[in-house]
Amino acid sequence: MRILFLVHSFNSLSQRLFVELRSRGHLVSVEFDINDATTIEAVDLFRPDLILAPFLKRAIPETIWRRHACFIVHPGVPGDRGPSSLDHAILEGERQWGVTVLQANGVMDGGDIWAHAAFPMRRASKSSIYRNELTEAAVSAVLQAVEAFALGKEAPAPRSQAGLAVRVRPLLRQRDRAIDWDKDDTDTVLRKIRAADGVPGVRDSLFGRELYLYDARPEFRLRGAPGEVVARCGPAICRATANGAVWIGHLCDRRGEHPFKLPATQVLAGELEGVPERRGYEEIRYVEEFGVGYLHFEFYNGAMSTRQCELLLQAYREARSRDTRVIVLMGGADFWSNGMHLNIIEAADSPADESWRNINAINDLAREIITTDSHLVVSALQGNAGAGGVFLARAADYVWAREGVILNPHYKDMGNLYGSEYWTYLLPRYAGHLSARQISQARLPMGTVEASSLGLVDAVFDSARSAFVQSTVVRAGMLAGADNYQRLLAEKNARRSADEAEKPLEAYREEELEKMRINFYGFDPSYHVARYNFVYKVPRSRTPLTIARHRAVADAEPARSVGA
Ligand code: COA
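These remarks concern the structure in this document. Just so you know, these numbers come straight off a predicted model, no measurement behind them. (Residues numbered from 1 in each chain as written. Predicted model: local features only at pLDDT ≥ 70, side-chain atom pairs only at ≥ 80, totals over all residues. Heavy atoms only, no water.)

## Here we look at the overall build of the chain
(1) Moving on: Counting its secondary structure elements, the chain contains 19 helices and 23 strands.
(2) Moving on: Expected size for 564 residues packed as a compact globule is a radius of gyration near 24 Å; at 24 Å, the chain falls within 12% of this value.
(3) Moving on: For the C-alpha atoms alone, the extent of the chain along its principal axes is close to 65 × 60 × 55 Å.
(4) Moving on: Across the 564 residues in the chain, those meeting the buried criterion constitute 56%. (Helix = DSSP H or I, 4+ residues; strand = E, 2+ residues; numbered from the N terminus. Rg over C-alpha atoms; globule rule 2.2 N^0.38 Å. Buried < 20%, exposed > 50% of the residue type's maximum accessible area, 1.4 Å probe, protein only.)

Pasting the structure below:
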C-alpha cells in the first residue's frame, strides 16, 4: 500500500514504523504537520491508500479524514482520550498501559478502534517507556491495523467506541506537575519528574531560579531538610524530599543564556559551593561475571561530552587491565550512543573548540577499542544509536543489537558534518566499499535487518530489553569460554596488524579530522546552524526530501503527481 505518515516530527516511533512498514513492502512517505495547506498538498501528491499519524499534536483536517482513511496512534488504552495520556498514566501509577490505533473522525481520539496492544508499566521516565514498551506495542497494533485495513471488505469492522468507558483527560499543565518538596515523598517526586521527561520537564525553583527538572533517580541513604540540595555526583545534584532524596541529572534554565537541557551541576555551577560530593548517580558502571567485563554507560539521551568520553576511556582501560576475556560495551538502556554532546557544545564559549575536543575524545575511545589486542570486544545495543554513536559501536569486534533497534548511521542532517570515529576505516572494513557508500550517503533510519545485511550489525536477537540483556550475558559467556577463543583473538590481531601495515589508523583519523576542522572552523557555517536548530528545537518549515518521497518525485517531475 501507499502509506503517508503525518507527523509532528520524525521521532523514534515514526522512524521505527517507517522501517517496519517499508520492510513489509509498503511504499511509505512522510509529511511534517506544518499547516493544513501543506498537508492537503502532500495527500494530493502522494494519493495514499492509508494515512498514518504515529506522532501528531493536532487534529487531521476534516477535508482529509472525510476522504481518506486516517489511522491515529494514540498512546493510551481504548477509551482514553486527551493529549497527555502517558504523562497521566505515570503520574497516577497505572500498572498497565497501552496503545490504540483509531480512525480519525470529528472527535479527538474518539474514532473507531482498529487495534490496540497493552504493556506492563515500568518505573521509568516517559521517554524511556515511550521508546521501549510503548514503541513495541505500537508496532504490533499498527501492523495488525494495517493488515486488517489491507484486507478491505474481508476484514472485521473496526470497533466503535460506543459503550466503551471513555475517559477524557486534559492537557497536563505545570501547576498539575508542581512538586511540593515539604509534602511529596520520594516516590511522588520521581513520578512527577518522570511523567514530564524528556518534555516539558517539571518547573521548579532552585536557589531562587526558575528551572525545569529532568532525569530523576532515587537516592536511598542521603537525607536533609525537604528541598535542600544535599549532595552532588557527576552531572547530578541530590535533593531531599519529605522522606528521602532524589538525584536530578539535568536542568533547563529557559530564561537563561543557554535555554536548553544541560547537566545540573553545570547549570548550577555558581551555586554549589560547599555541597559535598557523594556517590549515588553513576553514569558508568562496570560488572564482571564469568570472564566477561560489562561496561554500562548510561548517558542521558545517549549524548557523550568530552568529559564523559574521557571517563569512559578510563573505565575501558581499567576493564582491559582485568583478567577477563571479553568486554561488552552495554551503552545505556535507552540509547547506546548518539555521538558528540551537542547541547554542551552549544553552551561552550567556543562551540568550534568544544566540538574539536569532543570529537577527539570520542576518537581516543574508538581507537582504544579498535586496537584492543587483549580481549574480544562486543557492542551490545539495547537501544538506538545515531551518528558517531553507530561508528563507535562498530569499533568493537562484534555488534549485537536488540530486535527493533533503529540506527541512524549518518551525519548529514547535522549540516553535512563529515564525521570521524574512524568511520572511513570501519565502514569499508565491515560493510565493504559498496555498502559503505550506501550507508554514508543515505539519510534514512535503518532497522536491524538492513543493518545486518550491510555489515553494521553481526547478530540480532530478542525484542524485549530484559531478554536482550540476558541473552547478551549468555552469548558473551559462551564467547569467553569458546574452544576457539584464542584463535579468534589471534585472527583479529593479525587482521588489525595487516590493516595497520596497509594504512595506519592515524592516517584515517588525520584525514577525517582535516574535513572536520573545516566543518568546525571553516567558512561554511552549516554545522553550527544545524546544531543550533537541533539544540533549540527550531521547528522545521519543510519535510526533508529524503523522507518526503512524494515531494522528491514531484520536484523532479513538476507536471505530474505521484501515481498519476
Ligand atoms: N547531543 C545532545 N542531545 C542529543 C543528541 C546529541 N548528540 N542526540 C539526541 N539528543 C537528545 C535530543 O535533543 C532529544 O532531547 P529531548 O530529551 O529534549 O527531547 C533526545 O536526545 C532524544 O532525541 P530525539 O532526536 O528526539 O530522538 P530520535 O530517536 O527521534 O532521533 C537521532 C535520534 C540520533 C536521529 C537524533 O537525536 C539526532 O540526530 N541526534 C544528533 C546526532 C548527531 O548529529 N550527533 C553529533 C555528531 S557525532
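## Here's the deal with the sheet that holds strand 23 (residues 459–461)
Remark on secondary structure: sheet strands pair via backbone hydrogen bonds, oriented parallel or antiparallel.
(1) Moving on: Overall, mixed pairing links the six strands, which are arranged 15-16-17-19-21-23 in an open sheet. Across the chains shown, the open sheet's two edge strands, defined by having one partner strand only, are strand 15 (284–289) and strand 23. Each strand axis lies, on average, 20° off the axis of its neighbour in the sheet, ignoring direction.
(2) Moving on: Bridging between strand 19 (residues 376–381) and strand 21 (residues 398–402) involves four bridges; their strand directions are parallel. Along strand 21, the bridge assignment pairs Leu-381 with Ala-401.
(3) Moving on: Contacts from helix 16 (residues 485–502) reach strand 17 (326–331), strand 19 and strand 21, with the element oriented near 90° to strand 19. (Pairing = 2+ DSSP bridges. Axes fitted to C-alpha atoms, helices over the stretch in contact; angles between N-to-C directions. Contact = heavy atoms within 4.5 Å.)

## Side note on the sheet that holds strand 2 (residues 27–32)
(1) Moving on: Spatial ordering of the open sheet is given by 2-1-3-4-6-7, a layout of six strands whose pairing is mixed. The open sheet has two free edges, formed respectively by strand 2 and strand 7 (113–120), since each of these has just one partner strand. Averaged over all pairs of adjacent strands, the angle between strand axes in this sheet comes to 20°, irrespective of strand direction.
(2) Moving on: With six bridges joining them, strand 1 (residues 2–7) and strand 2 adopt parallel strand pairing. Paired with Arg-2 across the two strands is Leu-27, which belongs to strand 2.

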